[in-house]
Amino acid sequence: MHQWLQHMGRQIVLKESKHPERRSRLWSTKECFKILRDKTGSENIEGLIFDMDVLRKDMFAPENSNWTSTNDEVLKTDGFTNMRNLRLLKLCYIPISGAYKEFPKYIRWLYWHGILLRSLPNDFPLENIVYLELPYSNLEQVWTETKVLQSLKVLNLSHSPRLTKTPDFSGVPNLEKLLLKDCQSLVKVGESIANLRRLTVLNLKNCKNLMKLPRSIDQIKSLRELIVCGCSNLELREAMWDTVDSLGMNLRNLLTLSLMNMNLSDDAFPKNLDTAPMVRHLYLGGNPIQSLPNFIKDFWSLQTLDLSGCTRLEQISWPPISLQELTVTCCSSLKQITYETWVSPQCINRDGCVNLNYVQGSFRIEPVGEVNGDVLDNIGFFNLESMANTQVVIANTIVRSIKKLPLQIIYESGVFSTYFPHKEIPHWFSYKTNGSTISFTIPMSSCLEIRGMSMYLVYTCSSDSVLWYSSKAISLKINNKSNGVVVQYSPRCWGIPEVDNGDMVWLSYWMPKFWGNLFEEGNQVEVSFNLNIQGEIKECGVHPLYFNEEGGGVVHYFSILRSSWDVEMDIFRYR
């Protein structure tokens, strides 16, 4: 809740009466404790929030040195007897003793964090409860007798380390959410779960001793979210998949499926998962898969796919075009991501993918020794083959890594780049200057078409000042003063000198087809470079390339780049 609204609401409640026990809502720990201890509650109270940990901290605060209480004082259940209209009750680590026969009967939401009971007493009034939340409890079983709870919609027993089995659900027909996260002693989900005909969420995350799910789960046709990630003893290869295979029609309604950290290999998934086309959120992280499971391609509604921590995953091919978010963090073996069409996810989380070198439509990184020589000539990277074995330290913010690699060619956003140690600009560059800014006029030509612009920067920096998260360590601004077009660009990879303050070159090639009218003949252009880390820019230069120079004609140029370097999307989007 917004703090301002909370403050306003509390001020309204405080005006109800100067006596706390006559107000409709109580949240002060000292007031709650005093009312429960002295049994002075009233029918006016509809909501009460009481946290024993907060009370203990208040007791030891200097300003409360004269306020007396006993750390081990246990409250009695009859302290609630007069609160007949209590609807909301939130307790945290509150020790309470006594019978529950006179406990308020109209509570709609009961949240009791750290309840000490081993099971709820038979006289505990639950008939009107809608939300029953008992996380971090001492419960071994929830209730011993069958309960008729027509109103109950949410049952949260998460983080209850002693809970061994689920309760009898035969009298709970309207339950919608069953949360059993991190119940590490849970060994049995009872067959009575079949009575939960309105259940939409079943969360069994990290129930490490759960061996199987009941076959009767196939009768729950309303299930939308199934989370069994971290259930390391759940026999997914056999028993679990027998159950999932029996789900049949239910899979058609499933919206969220989490199977993270289940030790699932490529051949361990059930054959019938392709009958769950409505799944929107799929979590498979932490499994030893090597490629994208085939059934995912049939999830035409999939929006979120989490493969984080799949350290054996080598490639992702053709995920559904509906995908909006792809998470592959720490997939250390992942090398490439490709799509069936040019439609890609809006968000790709790829931190820690230290070997990822290609995401279709986004970037590509390859060693010079593996790049077609025609490509190098077409982008004006002449004679780089002789430097193929040169080792360069590359900071890569795309995947958050710093690695020493053979000379690399990097492509993103219509710009090819490479980095290597060198001290001066080649003599054949048309325009060059000392410093960080250069101005020039693109020559007029009646017969030659410009095919690109090469840019050369000589800089130095201290390796101590370079961090992989320096996302804009180098930046460049191109200002076409003739037509007003301005472009700013920061490469997501850059070279780091091995020797402090050693010289490093950033050689880049800009495709005019990508950048529209940024480079037009006769235009006056200013290019300025900037270092956002500790270092110095020594020289910069610019050189236009035309189709009559090395590399051949227009058709040859585009065919080489399309076939060898995946730039078709960028070129034809901006032609």
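Here, residues in each chain are numbered from 1, in the same order as that chain's written sequence. Two thresholds apply to this predicted model, a pLDDT of at least 70 for residue-level local features and 80 or more for giving and counting side-chain atom pairs, whereas whole-chain, interface and lining totals are computed over all residues. Water and hydrogen atoms were dropped before computing side-chain values, which therefore reflect all heavy atoms in the structure.

**Student:** Run through the pairing of strand β29 (residues 486–489), naming residues and quoting values.
**Tutor:** Every second residue of β29 is oriented toward a common face, the buried set being Val487 and Tyr489 and the non-buried set Val486 and Gln488. Strand pairing requires that DSSP identify at least two bridges connecting the strands. Numbering of helices and strands runs from the N terminus; a helix is a DSSP stretch of H or I covering at least four residues, while a strand is a stretch of E covering at least two. Note that strand β28 (residues 474–480) and β29 share four bridges and pair antiparallel. Residue Ile478 lies in a different strand from β29, and its bridge partner there is Val487. Once β28 ends, the chain turns through five residues before running back antiparallel as β29, passing Gly484 with a positive phi of about 80 degrees. Summary of the burial criterion: residues with accessible area below 20% of their type's maximum are buried, those above 50% are exposed, and those between are partly exposed, where the area comes from a 1.4 Å probe applied to protein chains only.

**Student:** Could you give an account of the packing of aromatic side chains, with specific residues and numbers?
**Tutor:** When two rings of Phe, Tyr or Trp (its six-membered ring) have centres within 6.5 Å they constitute a pair, described as stacked for plane angles under 30 degrees, edge-to-face for angles over 60, and tilted for the intermediate range. Scanning the entire structure with this criterion turns up 17 aromatic pairs. Between Phe429 and Tyr456, the ring centres sit 5.4 Å apart and the planes meet at 70 degrees, which makes this aromatic pair edge-to-face. Here Phe429, found in the loop between β24 (415–420) and β25 (431–434), pairs with Tyr456, found in strand β27 (residues 450–461); they are 27 residues apart in sequence, far enough to count as distant. Its relative accessible area of 4% is what places Phe429 among the buried residues. Residue classification places Tyr456 among the buried positions, given a relative accessible area of 3%. An angle of 75 degrees between the planes, with centres 5.3 Å apart, marks the rings of Tyr489 and Trp510 as edge-to-face. Here Tyr489 is found in strand β29, whereas its partner Trp510 is found in strand β31 (residues 503–510), with 21 residues between them in sequence. For Tyr489, a relative accessible area of 9% gives the class buried. Among the residues examined, Trp510 registers a relative accessible area of 0% and is labelled buried. Through successive ring pairs, a cluster of aromatic residues spans Tyr419, Tyr489, Trp506, Trp510 and Phe529. Here the basic side chain of Lys90 rests over the ring of Tyr111, its NZ or CZ set 5.2 Å away from the ring centre. Cation placement over rings: the criterion is NZ of Lys or CZ of Arg within 6 Å of the ring centroid and within 35° of the ring normal. The ring of Tyr358 has Arg364 sitting right over it, with the charged end atom 4.5 Å from the ring centre.

**Student:** Give a description of the pairing of β27 that names residues and reports values.
**Tutor:** With twelve of twelve residues buried, β27 is to be regarded as a mostly interior element. Sheet topology places β27 next to strand β33 (residues 535–546); eleven bridges connect them, and they run antiparallel. Looking at the pairing, Met455 lines up with Val542 of β33.

**Student:** So what's going on with the nonpolar core? Which residues, and what values?
**Tutor:** Nonpolar cores were defined as sets of buried Ala, Val, Leu, Ile, Met, Phe, Trp, Tyr and Cys residues, with membership established by side-chain atoms within 4.5 Å. Ranked by internal contacts, the top residues of the largest apolar core, which has 161 residues, are Phe50, Leu204, Leu307 and Trp510. The leading source of residues in this core is β27, at eight residues. Contacts: residue pairs with any heavy atoms within 4.5 Å of one another. Not counting residues within four places of it along the chain, the set of residues in contact with Leu204 comprises Leu180, Leu186, Val189, Leu210, Leu213, Ile227, Val228, Cys229 and Cys231.

**Student:** Can you break down the pattern of salt bridges residue by residue, with the values?
**Tutor:** What counts as a salt bridge is simple: a side-chain nitrogen of Lys or Arg found within 4 Å of a carboxyl oxygen of Asp or Glu. Under the defined criterion, the tally for this structure stands at twelve salt bridges. With a shortest N-O distance of 3.3 Å, Glu43 and Arg84 are connected by a salt bridge. Of the two residues, Glu43 sits in the loop between α2 (29–38) and β2 (47–51) while Arg84 sits in the loop between β3 (75–76) and β4 (88–92), which places them 41 residues apart along the sequence. Residues Glu526 and Lys481 are paired through a salt bridge, measuring 3.4 Å at the closest nitrogen-oxygen approach. A residue pair is termed long-range when its members are at least 10 positions apart, and Glu526 in strand β32 (residues 524–531) and Lys481 in the loop between β28 and β29 qualify at 45 residues.

**Student:** Give a detailed account of the sheet that holds strand β30 (residues 493–496), specifying residues and quantitative values.
**Tutor:** Sheets are built from strands paired through backbone hydrogen bonds, the pairs being either parallel or antiparallel. Spatially, β22-β21-β30 is the arrangement adopted by the three strands of the open sheet, whose pairing is antiparallel. Both edges of this open sheet fall to β22 (401–406) and β30, since each of them pairs with a single strand only. When the angles between neighbouring strand axes are averaged without regard to direction, this sheet yields 35 degrees. Pairing between strand β21 (residues 391–396) and β22: six bridges, direction antiparallel. If you follow Val393 over to β22, its bridge partner there is Lys404. Only C-alpha atoms enter the line fits that serve as axes; for helices the fit covers just the stretch in contact. Angles between N-to-C directions range over 0 to 180 degrees.

**Student:** So, the environment of Tyr339: which residues are in play, and what are the values?
**Tutor:** Structurally, Tyr339 is set in the loop between β17 (336–338) and β18 (347–349). Considered as a pair, Tyr339 and Gly361 are 22 residues apart in the sequence and their alpha carbons are 9.0 Å apart.

**Student:** So what about α2? Which residues, and what values?
**Tutor:** Taken together, the buried positions of α2 are occupied by Thr29, Cys32, Phe33, Ile35 and Leu36. One side of α2 holds all its buried residues, which, seen down the axis, span an arc of 170 degrees. Just downstream of α2 lies Lys39, where phi reads positive at about 55 degrees. This arc is taken over the directions from the axis of the helix to the C-beta atoms.

**Student:** I'd like to hear about the sheet that holds β31, residue by residue, with values.
**Tutor:** The ten strands are arranged β15-β17-β19-β20-β23-β24-β31-β27-β33-β25 in an open sheet whose pairing can be described as mixed. Only two strands of the sheet have a single partner each, and these edge strands are β15 (315–317) and β25. Alignment of strand β19 (residues 358–359) against strand β20 (residues 363–367), held across two bridges, turns out to be antiparallel. Note that in β20 the partner of Tyr358 across the bridge is Arg364.

**Student:** Can you tell me about the confidence of the model for the protein chain, naming the residues and giving the values?
**Tutor:** Every residue is assigned a pLDDT by the predictor, reflecting its confidence on a scale from 0 to 100. Scored by pLDDT, the protein chain comes out at a mean of 84, with 86% of its residues at no less than 70. Under a pLDDT of 50 for its full length, residues 237–242 has, in the predicted model, 15 contacts with residues more than four places off or in other chains. pLDDT under 50 marks residues 568–575. Its contacts with residues more than four places away, or in other chains, come to 16 contacts.

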